[in-house]
Amino acid sequence: MTAVLCLQRLARREISASALLDYYLTAISSRNRELNAFLHVDETGARRQAQAIDHRRAKGERLGPLAGLPVAIKDNICTANIPTTCASRILKDYIPPYDAHVVNRLREADAVIVGKTNLDEFAMGSSTENSAFGPTRNPIDPTRIPGGSSGGSACAVAADFVPVSLGSDTGGSVRQPAALCGVVGLKPSYGRVSRYGLVAFGSSLDVVGTLTTDVADAALVLGVIAGPDPRDSTCLRESGEDYFATVEQPLTDLRVGVPREFFAAGLDSEVEQAVRTSLSIYERLGAKLVEISLPTSPHALAVYYLVATAEASGNLARYDGVHYGSRITGTNLLELYEKSRGAGFGAEVKRRIMLGTHALSSGYRDAYYLKALKVRRLIKADYDAAFQRCDVIAGPTSPTTAFALGERANDPLAMYLADIYTIGANLAGLPALSLPCGKSQAGLPIGFQLTAPVLQEERLLRAARMLERQLRAKP
Ligand code: GLN
């Protein structure tokens, strides 16, 4: 069921919030052991919230826009009194004393927080295999990865454990798992949603996004979580809009930009085929396809892995065995740091800290980090130029469908290539969305990505909904 349908049935009292929650808890208990989408299910807390909402509804009280809707939260987003591990041994026992802004917003909207979903440790990865608590599996084919790093959140929606989940997207972590699990993943503009309480990875790239079964649900949830927050100085002042109110209105005279660079070597032919079919649907709907170029995009991956790791090396310095998380004592302070961090972090996180520290170290800073910032500016300029000629940019979300567990685990560069089409939007701060556009012969989902100019989420969602409606109308 979509969130919209759940909410309609709740409002009409065809089902109670408690019964709806039970339905999802049963699904979780039957299949979470196999899929490992949830790291923690807050059954008691969720039941209490659902009962309270049923009680208030019975009394005729005014309820929030998501009243009774079960939602899952990626485990790098803080939840008061509920563990928040970032899928890391170093935060294995961490229980935050506060809710992230987005969790505040969900609670104010009367959503029911079901639990916390698995991820690559500190959101670093593309397969959810980097979790310290075991990988998540793809519900469509459990021998395959669900994508990452929000793999648990994507799996939870695809497996019908919850109608909606939140993820975070630093380089594609909402859109890529959405594509690989066959759900809708929305990454808002940088600053559209507060990062307060989102555990920092790459602070100039991180944004909280949504995973849903369709575009209308994404519009609904974005309307709840978007908007200013004085606790995050990079959160924009623009108030969020009622994206749900406009999402069904098709766009006229739409110009869809198709970047030449996104259809080059490395793109799986079945993915290309499905994406091209969706492009022709746009044409049938009266949109114009415009060939564009993002000439700097071949450098985006290199830029991302300098900027994101540099920021991560600073952000992760706080896990020192003193302020946060697990501690292993030594004979002196340095040894305490070394032992705590040595035992607490997994291999990929250590690799990122080393890469980032190196890129910032004296003698290399100008050559690597500062150079990367300059190229980042050029990437942004490419998008600005492209949006002179088109309203949205379209292409594949991921170059391949879901790969097998273990297939790329020992090849970091192959793993990093999974983000080749998604990182541009993060480097430029743009809103972007992935929606399912077909399946491979093996039955694996394929994602179609749309990107819009900064703060044009309304346009992005309307453009996506037009296509989605056609794709779903097909037999
Ligand atoms: N897969 C990318 C990485 O490993 C992006 C992760 C993310 O968006 N959090 O950094």
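The sections below set out a description of the structure shown in this document. Only a predicted model underlies this, so the values are computations on that prediction, with no experimental measurement involved.

Let's talk about the pairing of strand β5 (residues 184-187)
Inference 1: Where burial is concerned, the two faces of β5 agree: the one with Val184 and Leu186 and the one with Gly185 and Lys187 are both buried.
Inference 2: Of the pairings in the sheet, the one linking β5 to strand β6 (residues 207-212) comprises three bridges and is antiparallel in character. Residue Val184 lies in a different strand from β6, and its bridge partner there is Thr212.
Inference 3: One ladder, built from three bridges, connects β5 with strand β10 (residues 432-439); its direction is antiparallel. Bridged to Lys187 within β10 is Ala432.

Regarding helix α1 (residues 3-11)
Inference 1: When we look at burial in α1, the residues that qualify are Ala3, Cys6, Leu7 and Leu10. Here the buried residues of α1 occupy an arc of 95° about the axis, which is enough to place them on one side.
Inference 2: Buried residues along α1 sit in contact with α2 (17-35), α3 (43-58), β4 (164-169) and α7 (215-225).

Quick look at the pairing of strand β7 (residues 255-259)
Inference 1: Counting buried positions along β7 gives four out of five residues, so the element sits mostly inside the fold.
Inference 2: Considered for its hand, the β-α-β crossover made up of β7, helix α9 (residues 269-284) and strand β8 (residues 288-292) is right-handed.
Inference 3: In this sheet, strand β9 (residues 392-396) lies alongside β7 in parallel orientation, the contact comprising two bridges. Paired with Gly257 across the two strands is Ile393, which belongs to β9.

Some thoughts on the pattern of salt bridges
Inference 1: Tallied over the full model, the rule gives 30 salt bridges.
Inference 2: Of the charged contacts in the structure, one is a salt bridge between Asp229 and Arg231, with a shortest N-O distance of 3.1 Å.
Inference 3: By relative accessible area, which is 40% here, Arg231 ends up partly exposed.
Inference 4: Salt-bridge contacts for Asp384 lead to Lys380; the nearest nitrogen and oxygen are separated by 3.1 Å. Taken as a pair, Asp384 and Lys380 lie in helix α13 (residues 366-386) at a separation of four residues, close to a single helical turn.
Inference 5: Taking relative accessible area as the criterion, Asp384 reaches 35% and is therefore assigned partly exposed.

Focus: the sheet that holds strand β2 (residues 70-74)
Inference 1: Taken together, the 11 strands give an open sheet; going across it, the order is β1-β3-β2-β4-β6-β5-β10-β11-β9-β7-β8, and neighbouring strands pair in mixed fashion. On the outer flanks of this sheet lie β1 (38-41) and β8, each paired with one strand and no other. Direction aside, neighbouring strands of the sheet carry axes that sit 30° apart on average.
Inference 2: Sitting on the sheet, α7 is in contact with β4, β5, β6 and β10, with an inclination near 145° to β6.

Details of the nonpolar core
Inference 1: Counting residues in each nonpolar core, the largest one holds 146 residues, and the members touching the most others are Leu106, Phe122, Phe448 and Leu461.
Inference 2: The element that contributes the greatest number of residues to this core is α7, accounting for nine residues.
Inference 3: Dropping the residues within four chain positions of it, Leu106 is found in contact with Leu66, Val71, Ile73, Ala111, Ile113, Leu166, Val224 and Ile225.

Brief notes about the site of the ligand
Inference 1: Taken together, the neighbourhood of the ligand is formed by 15 residues, with Thr170, Gly171, Ser173, Tyr304 and Arg352 sitting nearest.
Inference 2: Gly172 is positioned such that a nitrogen or oxygen atom in its backbone is 3.3 Å from an oxygen atom of the ligand.
Inference 3: Compared with its free state, where it exposes 290 Å², the ligand has 100% of that area covered by protein.
Inference 4: In the shell around the ligand, the residues fall into five nonpolar, seven polar and three charged.

A look at the side chain of Asn118
Inference 1: By the element assignment, Asn118 lies in the loop between β3 (112-117) and α5 (151-158).
Inference 2: A polar atom in the side chain of Asn118 sits 2.8 Å from the side chain of Ser131.

Details of the state of the cysteines
Inference 1: Inspection of the entire model under this criterion finds zero disulfides.
Inference 2: Note on Cys6: no disulfide assigned, nearest cysteine sulfur contributed by Cys155 at a separation of 18 Å.
Inference 3: With no disulfide partner, Cys235 has as its closest neighbouring cysteine sulfur the one in Cys78, 16 Å distant.
Inference 4: For Cys235, a relative accessible area of 11% puts it in the buried group.

Overview of the side chain of Thr422
Inference 1: Along the chain, Thr422 falls in the loop between α14 (412-416) and α15 (423-428).
Inference 2: Judged by relative accessible area, which is 0%, Thr422 ranks as buried.
Inference 3: In contact with Thr422, not counting residues within four places along its chain, are Gly171, Gly172, Arg175, Thr397 and Gln449.

The rules we used
Counting from 1, residues in each chain are numbered in the order their sequence is written. Totals for whole chains, interfaces and linings use every residue, but because this is a predicted model, local features are given only for residues with pLDDT of at least 70 and side-chain atom pairs only at 80 or more, for both listing and counting. Hydrogens and water molecules were not included; the side-chain quantities draw on all heavy atoms of the structure. Note on classification: 1.4 Å probe, protein chains only; a residue is buried when its accessible area is under 20% of the maximum for its type, exposed when over 50%, partly exposed between these limits. Only DSSP runs of H or I with at least four residues qualify as helices, and only runs of E with at least two residues qualify as strands; both kinds are numbered from the N terminus onward. Any two strands with at least two DSSP-identified bridges between them are counted as paired. To be clear, the arc concerns the directions from the helix axis to the C-beta atoms. Only heavy atoms enter the contact rule, under which two residues are in contact if any of them lie within 4.5 Å. Here the term right-handed applies to a crossover when the path leading from its first strand over the helix to its second strand runs clockwise, the strands being oriented away from the viewer. By definition here, a salt bridge exists when the distance from a side-chain nitrogen of Lys or Arg to a carboxyl oxygen of Asp or Glu is within 4 Å. Every axis in this analysis is a line fitted to C-alpha atoms, fitted for helices over the stretch in contact. Angles between the N-to-C directions lie between 0 and 180 degrees. Nine residue types can take part in a nonpolar core, namely buried Ala, Val, Leu, Ile, Met, Phe, Trp, Tyr and Cys, and a core is a set of them joined through side-chain atoms within 4.5 Å. A molecule or strand has a residue near it when one of that residue's heavy atoms lies within 4 Å. In protein, a polar contact requires one atom able to donate a hydrogen and another able to accept it; more generally it is a pair of N or O atoms within 3.5 Å, and residues adjacent in sequence count only if both atoms are side-chain atoms. Surface accessibility in these figures is a Shrake-Rupley result with a 1.4 Å probe; residues are shielded only by whichever protein chains are displayed. By the convention adopted, Pro, Cys, Tyr, Trp, Phe, Met, Ile, Leu, Val and Ala count as nonpolar, Lys, Arg, Asp and Glu as charged, and the other residues, Gly among them, as polar. The disulfide definition used here is simple: a pair of cysteine sulfur atoms within 2.5 Å.

Interpretation in functional terms is not warranted from these geometric data alone.
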